[in-house]
Amino acid sequence: MQSNLLLLSILFPMVAGIIVFFLRQPSVRKGFIGVSLSVIVLLSLIILGSLKVPDVFNSPTYYNGMDIAIKIGDFVLLLYVLYISFKIKEWRATFFAVLQLVPLIYFEFFMLKEEEVAVFLVDELSIIMNLIISIVGSLIALYAFGYMDHHEEEKHVSPTRQPRFFAIILVFLGAMNGVVFSNNLMWMYFFWEVTTLSSFLLIGHDQTEETIKNAARALWINMMGGFALLLGIIFIYTNYNTVSLVDVLSIKESAYILLPMFFIAFAAFTKSAQMPFQSWLLGAMVAPTPVSALLHSSTMVKAGIYILLRFSPLFRGTMLSDFIAVYGAFTFLATAFLAISQSNAKRILAYSTVSNLGLMIASIGINTSSAIAAAILLLIFHAISKALLFLCVGTIEQHIGSRDIEDMKGLINKMPITAAITFIGILTLMAAPFGMLVSKWLILEVAANQIAVSVVLAIGSALTALYYTRWIGNLLSGTYFSKRSEEHMNVNIGISLYSLTVLAIVLSFMISSLYNMLVMPQILTMKMDVALKAAKGYLYTTSGGFMIYPIFITIGLAIVLSLTSIRKAAKTAVKVSPYNAGLNYIEDKGFDVKNYYLTTFVTEETLTKYFNYISIALIVVILGGAIL
Amino acid sequence: MMREIIIFVIAIALAPFIGGFLNGIDRKLTAFIQGRYGPPVWQPFYDVIKLLYKQKILVNDFQVFSAYIYLLTAILSIGLFAIKADLLMILFVMSVGLAFYIAGALSTKSPYSQVGAQRELMQMLAYEPMLIFFAIAVYNVTGSFNLGQIMKHGRLLFDLPLMFILLGLVLTIKLKKSPFDLSTSEHAHQELVRGILTDYSGPYLALIHIADWYEMILILAMIAILWSQNLLIGVLIALATFFVDIVIDNITARMTVKWMLAFSWSISILFTIINIAYIYFRR
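Residues numbered from 1 in each chain as written. Chains lettered and ligands numbered in written order. Predicted model: local features only at pLDDT ≥ 70, side-chain atom pairs only at ≥ 80, totals over all residues. Heavy atoms only, no water.

Residues and elements named next belong to chain A. Where strand β4 (residues 538-541) lies against strand β5 (residues 544-547), four bridges are found, and the strand directions are antiparallel. Across the sheet, the residue bridging to T541 is G544, located in β5. Here β4 folds back onto β5, and the loop between the two strands holds two residues. (Pairing = 2+ DSSP bridges. Helix = DSSP H or I, 4+ residues; strand = E, 2+ residues; numbered from the N terminus.)

Bringing helix α13 (residues 300-311) of chain A into the picture now. Residue and element names in this part refer to chain A. Between its first and last C-alpha, α13 extends 18 Å over 12 residues, near the 16 Å set by a 1.5 Å rise per residue. Taken across its 12 residues, α13 has 12 buried, putting it largely inside the fold. M300, V301, K302, A303, G304, I305, Y306, I307, L308, L309, R310 and F311 are the residues of α13 that are buried. (Expected span 1.5 Å × (residues − 1). Buried < 20%, exposed > 50% of the residue type's maximum accessible area, 1.4 Å probe, protein only.)

Turning next to helix α1 (residues 2-21) of chain A. All names here are of chain A. Its 20 residues place the ends of α1 29 Å apart at the C-alpha level, agreeing with the 28 Å of an ideal helix rising 1.5 Å per residue. Roughly 30° is the biggest bend found in α1, and it falls at L8. Burial in α1 covers these residues: S3, L5, L6, L7, S9, I10, P13, M14, A16, G17 and V20. (Bend = angle between axes of the 7 residues up to and from the residue.)

All names here are of chain A. Relative orientation of the contacting elements helix α16 (residues 369-400) and helix α18 (residues 416-430) amounts to 150°, with a least axis distance of 9 Å. When the axis of α16 is compared with that of α18, the two are roughly antiparallel. The hand of the α16/α18 crossing is left-handed. On α18, the residues that touch H382, S385, K386, L388, L389, C392, T395 and I396 of α16 are T418, I421, T422, G425, I426, T428 and L429. Residues of the contact of α16 with α18, tallied by class, amount to seven nonpolar, seven polar and one charged. (Axes fitted to C-alpha atoms, helices over the stretch in contact; angles between N-to-C directions. Parallel < 35°, antiparallel > 145°, perpendicular 65-115°, else oblique. Left-handed = near helix turned anticlockwise from the far one by under 90°. Contact = heavy atoms within 4.5 Å. Nonpolar A, V, L, I, M, F, W, Y, C, P; charged D, E, K, R; others polar.)

This structure, assessed with the given rule, holds one cavity of 30 Å³ or more. Taken as a whole, the largest cavity holds about 230 Å³ of empty space. Surrounding the largest cavity, 18 residues form its lining, L437(A), S461(A), A465(A), S95(B) and E128(B) being those nearest its centre. Among the secondary structure elements, those contributing two or more residues to the lining of the largest cavity are α19 (435-447) and α20 (451-475) of chain A together with α4 (87-106) and α5 (111-142) of chain B. By residue number, the principal contributor to the lining of the largest cavity is α4(B), which donates five residues. (1 Å grid on protein atoms, 1.4 Å probe; cavity = no way out; pocket = protein on both sides within 12 Å on 5 of 7 lines; lining within 4 Å. Points joined across faces, edges and corners; volume = space filled by probe spheres on them.)

A separate point is unusual backbone geometry. With an omega of 5°, the peptide bond running from A432(A) to P433(A) counts as cis. Topologically, P433(A) is positioned in the loop between α18 and α19. Between S178(B) and the following residue, P179(B), the backbone shows a cis peptide bond with an omega angle of 0°. Along the chain, P179(B) turns up in the loop between α8 (161-174) and α9 (202-224). The phi angle at K527(A) is positive, at roughly 60°, despite the residue not being glycine. Of note, K527(A) is situated in the loop between α22 (511-525) and β3 (533-535). Residue classification places K527(A) among the exposed residues on the basis of a relative accessible area of 74%.

So, about a nonpolar patch on the surface. Residue and element names in this part refer to chain B. Where nonpolar side chains cluster on the molecular surface, the patch consists of M1, M2, I5, I6, V9, I10, L14, F17 and I18 and spans about 930 Å² of accessible area. Structurally, I18 is set in helix α1 (residues 2-33). Judged by relative accessible area, I18 falls into the partly exposed class, the value being 41%. (Patch = residues over 30% accessible without salt bridge, like charges linked within 9 Å, V, L, I, M, F, W, Y side chains within 5 Å. Areas by Shrake-Rupley, 256 points an atom, 1.4 Å probe, with all protein chains shown as cover. Salt bridge = Lys/Arg side-chain N within 4 Å of Asp/Glu carboxyl O.)

So, in structure tokens, the structure goes:
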């Protein structure tokens, strides 16, 4: 029964996606997608409520059928990638597709001895991922209703390509559930490749030259990751004779595990767009914004983090793990640096996504129980806040026709609701007491005895605060004389933005219950001692503690005091134009003051080049850590 | 619990008086160095009280919120320090207020406050990592971020001599003293016209002055705990650092943003690594 529920959470979105592809009538299609999304959310809540985890689920009735379907699917998918790569003349994708086909044929037909393994492995981590995929994913898809209509109007797309768009989104949601629930590594590999393909198809959705070029880059880099994952699985099988995740995780004899772990980590780095692979994620920003929010910040890139978290017990306490920590910290710092020079909001968000993923990887590399807890907390809060911010930027772009933060000056007067939500979204990413910062605090505390990692993290954090603070300043700038306009928000867009905002704030407020309910049990599942305890908004270890309520109270008090002060001042205060040394101040004209982008000593190209070299060297070092 | 609340209240009540008084001494001493007579020691209090009762002059509503949150988080961080909370958490609380202080100035569209705010961002970039480095170094000696635990180690100064110098540097940047007086020029008739403070005025400027006093006390308190065995000595060390900073203020000229970043980052990374190596060497 329960395994059927899990199977449903994978198959239902996929089947719904295929049906959507054939629904041409807009109202019918939207209705059908709406119902499907509610079912997806409901399923995730039922799974959360009814499953006793951690557990493995067997189901002999359909195992063989699924297994054969997935085997066929593997080959169909790779042949399709080959076909695409010929069509768009992207030979690197061809190369990696062939590179996967050859070992896959050899492995499937000559090496793998068929034996039945458990179908699903579910623990709190899978549940957390499933909740993010289903709830955040559905809210983003809902947002896309409003966004895509406007998008197609703007680009004069006719006939509509929305059936294709939503079909891929739904199939993708199913595939993500497949990645996080599968116990058979070959199944996980298949779903992993499906997400790669969905990403390719969605980046190229607009079918312009630029989108196809960037989609091709995303394809080949992720195919390289897929190849690494396949190699990792094959190595595990040759050494330990199993493709069952639960058996792999209980391996005691760990002498031969590190090399496959390196390949799996490599796959995770490509999926999570770590340096030097960040270029595909930046290129992916040409996709419609819901795609950036769903695949490229809140879910698909988290698959890399998921798989690394999943296997982290196997490399705990090794050199490999330490090197992964250094590598993650380096990516965190390097991409934060790169973000400084950007004024394009989507690129800032893309760099900051890579940066935060790097932070999670650093945390997994540190690999103590509190570090793992911090990584999971960061994963949750980042998914929500970043999705929210991407959607805000999408909304802003459709109104003002620009995604440059310099053009967002005075947005609070032009689009008060969206600007306010963006402001809150940024706060949840950069300011205490919100969940992201609490996780960051925890990471800094656990990293403190690894000097290289912690020094790098400290600088990265300051850089992060820099590029977000000036964005807030731009959003909220204005005077009492600014022209104000009302904002009419599409209903679907509104529901989605409001829900994500509420989710970000409420979850931050309930961080201790969230930790006790989902994160701490996962730490126990991974057989670690729980070092971090939480009660009533107070998270503490033996070496320190973070109280969130005093900060919430302080912010609340500041709101109350300033509102009363503003109300009192409404009659008595003199409302002036900004100081301009006696010159005439003309609203929106006159002078042009821009943020410092430090482009005189940080240019993106040169920095990227050197950072790429360093990161490649670090990956080689990680490989060294795996071999020695 | 009750005891902690009392300590919290006493600390947040006392801090601005000490801060304002030190500010007065600063002005007197600076005047002495420059061969002037200078204002009375209580002048900062007169200034703030006068500002509090001045007419409110506003550019937008967000300024008001920024000023309040800057003050309240500064108060909270002093309170948390007094009840011996987590050092890193205190730094995080402090940085929330700072972000609002800067965003508030950025939001007013005056070129003066814009430039000032951008420079303040750079100053933040220069000293915020140093404070975290300090916390990390302290952890490497004491094994804890909790101030209660940290203060059981009586004479941290011997373990962290270089971090002590860094804290002195942080104090100079934080107080916006030369050569780091980038975001607000100390005197109103310079080219920046008070930079980040340009559009904060009247009662709201007073709030920011009070918040600055709290933040100054916070940094001085961090220096003082380096000699927690006898806090009186700790306080004397902190005051000595403060006076050295005033002297440096008077004998140096303003440098550029680029120089500040290069200087503070290279010094702080180098000092941190050497100091932590030294900690392990001493064992």
